[in-house]
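Here is what each chain is made of, one letter per residue.
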Amino acid sequence: MTKIKPQPGIMEIDLYVGGAAHVEGVSDVVKLSSNENPYGPSPEASSAARRASYELHRYPSTDHAQLRAAIGEIHDVDPDNVICGVGSDEVLQFIAQSYAGPGDEVIYTEHGFSMYPILAHACGATPVKVAEQNRVVDIDAILAACTDKTRIVFIANPANPTGTMIDLDACAQLAKGLPAGALLVLDGAYAEFEAGYDGGVSLVERSENVIMTRTFSKIYGLGGLRIGWGYAPRTIIDVLNRVRQPFNLSTVQLAAAEAALRDTSFTEKCRSDNERLRRWLATALEDLGVASDPSHTNFILARFADQDEADACDAYLKTQGLIVRKVAGYGLPNCLRITIGDESSCRRVAHAIGQFKRGET
Ligand code: PMP
């Protein structure tokens, strides 16, 4: 028996399972399982990444001043209250690492994003799962679950994999009701898909205990580059910067993210196309007897009669070259999460689900 043991909590972590990109023996595969942007990034972002790659011998900026200034301009936030990370995952990690440890509790919700319990375990804290109401975050249940050990409450708003969201007044009520010393993290990975929603910026600005996180992986189509950011009161940003590695973002990441942000017409096209195709797909599925909650994201959570039907549909879609996401691990065994692709992918997936429902497989 080895005497070399990991820290408490580490072996409690269930490994994160990512989505496959290929189906054995099937060509013309469309991946609709990771909520990626079907159009890819803005061409401006790709050009900026290429240009930045001519300077690979140079260390990147340590303070990300230029990217934070661009975030400040585009999102109307104070750049001094922004921190950037390797995906929003890294920003979430800074938060867990800085504010929770052994003996502390970290709250997340029934169908919440799988990284939250992973991050809690990784810092030795105890993840506490709280029930949702019909796949919607329930703030009363969260407040009832808080104890004097609660340090962090993680909520994705809009949420993954349900696609539902709660309004900012409810978030404000939650922040106000938390015990002293507990932080509310509003994960806004999908915030840009909801027109007129600021992701929680205004709540951060009038609270001491709220942090918002955002990503370049979804609407900006830069999941492969790994860039995210957080917005919080200055005292919190100061803490998070102490655990951040000085060169956590590369020159290429910084350049691409800034260019992506500044191409606002591309972002708006992605948002409006997503909204139109999401409405179309939800209606097409409803006509086939497959229900979904109103989604505020770039995916739909399709509900089937039971797990057998969901699994059988998933298997059929694969034979048709369509990869969607099973979400049994999120407590949703009868559901499949389907990313909104481009128009032809949406038509293909609706057509294949129609064939499946009619038994034409
Ligand atoms: N939060 C939520 C709710 C997500 O769905 C994801 C990505 N699946 C992330 C955070 C992490 O995104 P990234 O690290 O790519 O920014």
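Residues numbered from 1 in each chain as written. Predicted model: local features only at pLDDT ≥ 70, side-chain atom pairs only at ≥ 80, totals over all residues.

Draft legend 1. Inspection of the UniProt feature "domain: Aminotransferase class I/classII large" (unreviewed entry) in the chain at higher detail. In the numbering adopted here, UniProt assigns the feature "domain: Aminotransferase class I/classII large" (unreviewed entry) to residues 28–353. Measuring from the first to the last C-alpha atom of residues 28–353 gives 17 Å, for a span that is 41% helix and 16% strand. (UniProt positions renumbered as here; feature names shortened; annotations may be inferred. Helix = DSSP H or I, 4+ residues; strand = E, 2+ residues; numbered from the N terminus.)

Draft legend 2. The arrangement of the confidence of the model for the chain in detail. On average, residues of the chain score 97 in pLDDT, and 100% of them are at 70 or above. Across the interfaces of the predicted complex, the ipTM metric reaches 0.99, alongside a pTM of 0.97. (pLDDT = per-residue confidence, 0-100.)

Draft legend 3. Representation of helix H3 (residues 87–99) in the model. A rise of 1.5 Å per residue sets the reference length of H3, with its 13 residues, at 18 Å; its end C-alpha atoms lie 19 Å apart and thus fit the reference within 8%. In terms of burial, H3 is largely enclosed, as 10 of its 13 residues are buried. Burial in H3 covers these residues: Gly87, Ser88, Glu90, Val91, Leu92, Gln93, Phe94, Ile95, Ala96 and Tyr99. (Expected span 1.5 Å × (residues − 1). Buried ≥ 20, exposed ≤ 12 C-beta atoms within 10 Å, placed from the backbone.)

Draft legend 4. View of the UniProt feature "modified residue: N6-(pyridoxal phosphate)lysine" (unreviewed entry) in the chain. Within the UniProt annotation, "modified residue: N6-(pyridoxal phosphate)lysine" (unreviewed entry) is assigned to Lys218. When the 27 C-beta atoms within 10 Å are taken as the criterion, lysine 218 is described as buried.

Draft legend 5. Structural context of the domain arrangement of the chain. Its domain assignment divides the chain into domain 1 (10–40 + 265–357) and domain 2 (43–263). Between the C-alpha centres of domain 1 and domain 2 there is a distance of 24 Å. Of the residues lining the interface, 29 residues belong to domain 1; the matching set on domain 2 comes to 25 residues. Only helix H10 (264–287) and strand S9 (299–303) provide two or more residues apiece to the side of domain 1 that touches domain 2. It is H10 that provides the largest number of residues to the side of domain 1 that touches domain 2, a total of 6 residues. (Domains from an automatic or database assignment. Contact = placed C-beta atoms within 7 Å.)

Draft legend 6. The nonpolar core, seen in detail. Residues Ile95, Ala96, Val106, Ile152, Val153, Val185 and Ala256 are the most contacted members of the largest nonpolar core, which totals 79 residues. At 7 residues, the largest contribution of residues to this core is made by helix H9 (residues 251–262). Ignoring sequence-local partners within four residues, the contact set of alanine 256 consists of Pro41, Ala45, Ala48, Ala49, Leu222 and Leu225. (Core = buried A, V, L, I, M, F, W, Y, C linked by C-beta atoms within 7 Å.)

Draft legend 7. Up close: the site of the ligand. The local shell around the ligand consists of Gly87, Ser88, Asp89, Phe113, Ala156, Asn160, Asp187, Ala189, Thr215, Ser217, Gly223 and Gly228. With 3 residues, H3 is the single largest residue contributor to the shell around the ligand. (Near = placed C-beta within 6 Å.)

Draft legend 8. Structural detail: H10. Look at H10: 35 Å from first C-alpha to last across 24 residues, which is about the 34 Å you get at 1.5 Å a residue. Of all the residues in H10, the buried ones are Phe266, Cys270, Asn274, Leu277, Arg278, Leu281, Ala282 and Leu285. As for H10, its buried residues are in contact with S9 and helix H12 (343–357). Just past H10, the residue glycine 289 takes up positive phi, approximately 85 degrees.

Draft legend 9. Region of the structure containing the packing of H3 against helix H4 (residues 115–122). Where H3 meets H4, the axes come as close as 9 Å, and the angle between the chain directions of the two elements is 40 degrees. Classed by the angle they form, the pair H3 and H4 counts as oblique. The two elements H3 and H4 cross, and the hand of that crossing is right-handed. Where H3 approaches H4, its residues Asp89, Leu92, Gln93 and Ala96 are matched on the opposing element by Met115, Leu119, Ala120 and Ala122. (Axes fitted to C-alpha atoms, helices over the stretch in contact; angles between N-to-C directions. Parallel < 35°, antiparallel > 145°, perpendicular 65-115°, else oblique. Left-handed = near helix turned anticlockwise from the far one by under 90°.)

Draft legend 10. Main features of the environment of serine 46. Inspection of the secondary structure puts serine 46 in helix H1 (residues 43–52). On the basis of neighbour counts, which here come to 16 C-beta atoms within 10 Å, the residue serine 46 falls in the partly exposed class. Between the C-alpha atom of serine 46 and that of leucine 222, which follows or precedes it by 176 residues, the distance is 9.4 Å.

Draft legend 11. Representation of the sheet that holds strand S6 (residues 183–187). Strands sit in the order S2-S8-S7-S6-S5-S3-S4 across an open sheet of 7 strands; the sheet is mixed. Edge positions in the open sheet fall to strand S2 (82–85) and strand S4 (126–130), since each of these has one partner strand only. Neighbour-to-neighbour, the strand axes of the sheet open up by a mean angle of 20 degrees, direction not taken into account. Relative to strand S8 (residues 228–231), strand S7 (residues 210–215) runs antiparallel, the two being bridged by 4 bridges. When the bridges of S8 are listed, methionine 212 appears paired with tyrosine 231. Sitting on the sheet, H4 touches strand S3 (105–109), S4 and strand S5 (150–156), and the angle it makes with S4 is about 155 degrees. (Pairing = 2+ DSSP bridges.)

Draft legend 12. The pairing of S2, seen in detail. Every second residue of S2 is oriented toward a common face, with Val82 and Cys84 on one face and Ile83 and Gly85 on the other, all of them buried. Judged from the 4 bridges that link them, S2 and S8 form a sheet pairing that is antiparallel. Across the sheet, valine 82 pairs through a bridge with tyrosine 231, a residue of S8.

Draft legend 13. Spotlight on the environment of serine 344. Within the fold, serine 344 resides in helix H12. Taking the C-alpha atoms as reference points, serine 344 and tyrosine 54, separated by 290 residues in sequence, lie 36 Å from one another.

Draft legend 14. Representation of the sheet that holds strand S11 (residues 325–326) in the model. Pairing in this open sheet of 3 strands is antiparallel, and the strands run S9-S12-S11 from one edge to the other. In the strand order of this sheet, the two ends are held by S9 and S11, each with one partner. Here S11 runs beside strand S12 (residues 335–339); their pairing, made up of 2 bridges, is antiparallel. Across the sheet, residue lysine 326 finds its bridge partner in S12, namely leucine 336.

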